[in-house]
Amino acid sequence: MLTLPTLGAQTAAHAASTTATHCPYCSLQCGMNVVVAGDQAHVETRDFPTNKGGLCQKGWTSTDLLSHPERLTSPLMRAAKDQPLRPVTWDQALERILKSIADAQQNHGRNSVGVFGGGGLTNEKAYILGKFARVALKTSEIDYNGRFCMASSAVANVKALGLDRGLPFPLSDIPGAKTILLVGSNVAETMPPVMQYFDLQRKNGGCLIVADPRRTPTAAAASIHLQLTPGTDSALANGLLYLAIHNKDLDEKFIAARTSGFERARKVAESYWPDRVERITGVPEKLLRMAARELGTAATALILTARGPEQQSQGVENALAFINLTLALGKIGKPSCGFGTITGQGNGQGGREHGLKSDQLPGYRKIDNADHRRHIADIWNIAVDDLPGTGKSAYEMLSQCGMPNGLRALLVFGSNPVNSAPRASFVQDRLRALDLLVVADMFLSETAAIADVVLPTTQWAEEEGTMTNVEGRIILRRRALDPPAGVRTDLEIVSALAKGLKSAGNFPSQASEVFEELRRASAGGISDYSGVTYEKITSENGVFWPCPAGNTTGTPRLFAENFPTADGRARFHPVEFRQFSEQPDSEYPLFLTTGRVMAQYQSGTQTRRVKKLNDAVPEAFVEIHPAMAATMKIGEGEGVALTTRRGTLTAKAVLTQTIRMDTVFVPFHFAGESRANLLTNPKLDPFSRMPDFKVCAVRVEKAPIC
Ligand code: SF4
């Protein structure tokens with residue numbers, strides 16, 4: 001229970017109200033009730049088809065932030081780079097932003113101003129930011145933090161299946177799968193309520209295979225754990241395809257009728273015989289054969305990837321290799337069959353569907369497609385030639401700030417790249433080099449702390465808007481209470497800036513109004529929302545896209561009849577395993593991998609401020625195998641310095657036999673000198689522009705903790 005001292009009379013209007021809404025954090029978007037009684041707010045469960053009443057610790061404590069003492073309630077601005085941030089009025093803050101934008105664009109061109117969004121923004125915000133950048137700022141420079149999350153599987157899905165929707169089937173398909181291969185996902189910690197589906201699957205006699213370099217709680221619950229070397233995912237997938245071929249488990253009929261390109265994929269897979277795959281991946285041949293048998297003989301099977309294989313500079317190829325396996329087994333387009341990706345951030349999916357990514361336009365349209373450009377230009381009432389083209393990807397945009405041909409001004413909404421970008425200290429320096437850094441956030445995040453102007457925003461329970469969850473189910477967040485005085489919604493901020501820029505475009509500040517335009521913009525696109533209304537979302541517990549106008553039910557399961565490719569067939573892509581971009585050597589002899597813990601979320605701007613969550617995991621740590629630690633005389637809880645070619649991090653050692661001997665793990669939620677991303681490699685996937693977050697070479701040394 002939380003006291004809401006700042007809400008005063010506004011809250012009284014909502015006394016004793018119960019609002020059915022959703023958790024503000026991950027892509028499961030659990031249904032919950034927010035109960036506001038007088039000056040207190042708390043969370044109660046509600047029956048919703050995804051979480052079925054379950055919530056994790058983060059959901060339960062999500063109202064703790066609504067009146068947190070560190071909440072920003074006034075714009076902040078610094079008079080000069082060496083001056084502190086001081087409270088100013090909204091007019092002063094907006095005036096400064098508009099002047100700096102005008103100066104930058106006059107002196108350095110339209111593309112000297114950029115927008116960087118977060119993967120937790122609603123569909124309405126994603127849509128309006130994409131429109132704001134291209135219509136009001138007339139810049140091509142817009143991207144978002146979701147680029148660091150699901151971009152690789154998104155590209156792979158489009159290449160192979162013609163469409164990118166996290167899960168192309170509902171979560172309710174999971175218990176019916178005889179075999180599930182889950183690669184690089186620790187759902188038991190990252191989205192605990194979803195484990196009920198996997199638990200039921202095993203209770204039904206199903207086999208759960210988890211591939212992960214760590215024996216996570218998810219891997220510990222599995223029937224088979226394939227503890228692969230970080231970065232060897234495509235070799236593992238090819239090895240499983242090799243065995244499917246030699247065990248005669250292929251669905252030849254499906255391959256012939258519904259796919260193209262199998263022979264080339266088969267030819268590549270033929271060189272991944274089991275003992276070679278064991279040498280590459282470290283997965284014992286016996287376990288590989290067991291896993292292949294379970295997959296190949298199952299009547300129904302799901303293959304799911306997540307950030308493990310995807311957050312790599314070969315993330316697209318990794319995802320393609322697992323799609324090849326799914327197609328070869330014919331396990332797609334039927335109940336409890338399919339390939340899917342467990343999306344991470346609350347609305348990483350919707351963000352790219354509605355134009356927050358540099359190469360995409362609303363409705364999952366392509367910015368370099370003439371027909372797509374014409375459709376959106378018409379909706380936005382601009383000449384098609386005035387619609388900018390593809391901008392830089394997230395890391396490329398951030399790493400070129402303040403450089404020749406890079407940005408001079410950047411507006412950040414709901415993101416904290418000082419923590420979440422790879423090679424974080426370099427990115428921080430580039431952000432400091434901007435003439436203007438604006439951050440719109442509810443707290444003084446590490447990025448906001450170095451901004452020139454900070455704009456205080458509303459929180460999830462104080463506004464409405466839609467999100468698109470891990471299944472492609474569009475859900476509606478409702479306003480449960482009024483925001484404190486002094487804050488504004490992102491939509492209100494964008495609306496005011498567009499007006500200040502004298503844009504002729506329509507930039508409503510009401511989410512429902514934005515959604516109506518989004519529906520029209522998405523009509524006829526891959527992610528068609530034109531048949532979705534707030535009322536339908538409410539009455540049907542969410543709507544799965546595509547849902548064209550006139551469609552009453554949406555589309556829970558995709559690919560039953562065909563694939564949305566030019567010829568209606570899914571495409572195999574031959575994938576050769578490539579060595580890691582950073583091979584361990586005598587100077588950096590181990591692998592570093594990064595990830596999440598149950599009590600924290602993303603860059604920690606919110607969860608590090610929730611006492612119960614922070615008490616549970618208050619600081620970064622280094623997981624290291626006891627045998628490896630012994631060689632360096634490192635004991636439990638002692639200080640460890642990790643050094644990569646980008647930087648050094650110091651944290652306490654956690655000795656655990658659950659990690660491979662050649663690998664160390666650090667969670668990425670923490671700030672300052674314990675930022676995991678001080679170490680990570682910014683090498684980008686050539687197709688998705690995803691950095692190599694999940695594998696790089698590291699040196700481990702005993703070190704005092706300051
Ligand atoms: Fe929130 Fe995700 Fe936890 Fe559900 S699983 S309560 S959506 S953080």
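On a predicted model such as this, the values are computed, not experimentally measured, just so you know. (Residues numbered from 1 in each chain as written. Predicted model: local features only at pLDDT ≥ 70, side-chain atom pairs only at ≥ 80, totals over all residues. Heavy atoms only, no water.)

## A look at the overall build of the protein
Rules: Secondary structure is summarised from DSSP: a helix means a run of H or I of at least four residues, a strand means a run of E of at least two, and numbering begins at the N terminus for each. In this treatment the radius of gyration is a C-alpha quantity, and the globule benchmark scales as 2.2 Å times the residue count to the 0.38 power. Classification of residues uses two cut-offs on accessible area relative to the type maximum, computed with a 1.4 Å probe and protein chains only: under 20% is buried, over 50% is exposed, and between them is partly exposed. In this description, contact between two residues means that some pair of their heavy atoms is separated by no more than 4.5 Å. For accessible areas, the Shrake-Rupley method is used with a probe of radius 1.4 Å. Any residue's cover is judged against the shown protein chains and nothing else.
Check the secondary structure of the protein and you find 25 helices and 31 strands. Against the globule reference of 27 Å for 706 residues, the protein gives a C-alpha radius of gyration of 24 Å, in line with a compact fold. Expressed as a percentage of its 706 residues, the buried residues of the protein come to 66%. Pairs at least 24 apart in sequence give 74% of the contacts found in the protein among residues at least 6 apart. Working note: accessible area of the protein is about 23,400 Å², and carbon and sulfur atoms make up 51% of it.

## Thoughts on helix H4 (residues 123-136)
Under the convention used in this document: Expected helix span is given by 1.5 Å per residue-to-residue step, counting one fewer step than there are residues.
With 14 residues, H4 ought to run about 20 Å at 1.5 Å a step, and its terminal C-alpha atoms sit 19 Å apart, in line with that. Counting buried residues along H4, 14 of its 14 residues qualify, which places the element largely inside the surrounding structure. Trailing H4 by a residue or two, lysine 138 shows a phi angle of about 60°, which is positive.

## Considerations on the site of the ligand
Heads up, the condition is: Think of it this way: one heavy atom of a residue within 4 Å of a molecule or strand is enough to make that residue near it. Here the term charged refers only to Asp, Glu, Lys and Arg, the term nonpolar to Ala, Val, Leu, Ile, Met, Phe, Trp, Tyr, Cys and Pro, and the term polar to all other amino acids, Gly among them.
In the vicinity of the ligand, the contacting residues are Cys23, Tyr25, Cys26, Gln29, Cys30, Leu55, Cys56, Lys58, Gly59, Met191 and Pro193. Taken together, the residues of the shell around the ligand break down into eight nonpolar, two polar and one charged.

## A look at the side chain of asparagine 51
Note the cut-off: Polar contacts, as counted here, are pairs of nitrogen or oxygen atoms within 3.5 Å of one another; within protein the pair requires one atom able to donate a hydrogen and one able to accept it, and residues that are adjacent in sequence qualify only if both atoms are side-chain atoms.
Position of asparagine 51 relative to the elements: it lies in the loop between strand S4 (40-45) and helix H2 (57-60). Here threonine 50 takes part through its side chain, which lies 3.3 Å from a polar atom of the side chain of asparagine 51. Among all residues touching asparagine 51, those that are not within four sequence positions of it are Cys30, Gly31, Arg46, Pro193 and Gln196.

## Observations concerning the sheet that holds strand S21 (residues 473-477)
The condition is simple: Should DSSP find at least two bridges between two strands, the strands are taken to pair. Convention adopted: a line fitted to C-alpha atoms gives each axis, helices being fitted over their contacting stretch, and angles between N-to-C directions are expressed from 0 to 180 degrees.
Judged by pairing direction, the sheet is antiparallel, and its three strands sit side by side in the order S20-S21-S22 without closing on themselves. In this open sheet, the two edge strands, each paired with only one partner strand, are strand S20 (465-468) and strand S22 (543-544). Examined bridge by bridge, S21 and S22 share two bridges and lie antiparallel to one another. Counted as the bridge partner of arginine 473 is phenylalanine 544 from S22. Sheet strands touched by H4: S20 and S21. Its angle to S20, the strand with the most contacts, is close to 95°.

## Quick word on the environment of threonine 216
Topologically, threonine 216 is positioned in the loop between strand S10 (207-211) and helix H8 (217-220). Sequence spacing of threonine 216 and aspartate 585 is 369 residues, and the spatial spacing of their C-alpha atoms is 27 Å.

## Observations concerning the environment of phenylalanine 322
In this fold, phenylalanine 322 is placed in helix H15 (residues 315-328). Given the relative accessible area of 0%, phenylalanine 322 is considered buried. Taking the C-alpha atoms as reference points, phenylalanine 322 and glutamate 278, separated by 44 residues in sequence, lie 17 Å from one another. Setting aside residues no more than four positions away along its own chain, phenylalanine 322 makes contact with Leu181, Val183, Asp233, Leu236, Ala237, Ile303, Thr305 and Phe339.

## Notes on unusual backbone geometry
For the bond from tryptophan 545 to proline 546, the omega torsion is 0°, close enough to zero to count as cis. Here proline 546 shows up in the loop between S22 and strand S23 (570-571). Positive phi, close to 60°, is recorded for tyrosine 364, a residue that is not glycine.

## Things to note about the sheet that holds strand S11 (residues 224-226)
Ordered by their spatial adjacency, five strands build an open sheet running S11-S10-S9-S13-S14, and the pairing between neighbours is parallel. In this open sheet, the two edge strands, each paired with only one partner strand, are S11 and strand S14 (338-341). Within the sheet, the average angular offset between the axes of one strand and its neighbour, ignoring direction, is 15°. Across five bridges, strand S9 (residues 179-183) lies against S10 in parallel orientation. Directly across from isoleucine 180, in S10, lies its bridge partner leucine 208.

The values reported here are purely geometric and, on their own, carry no functional implication.
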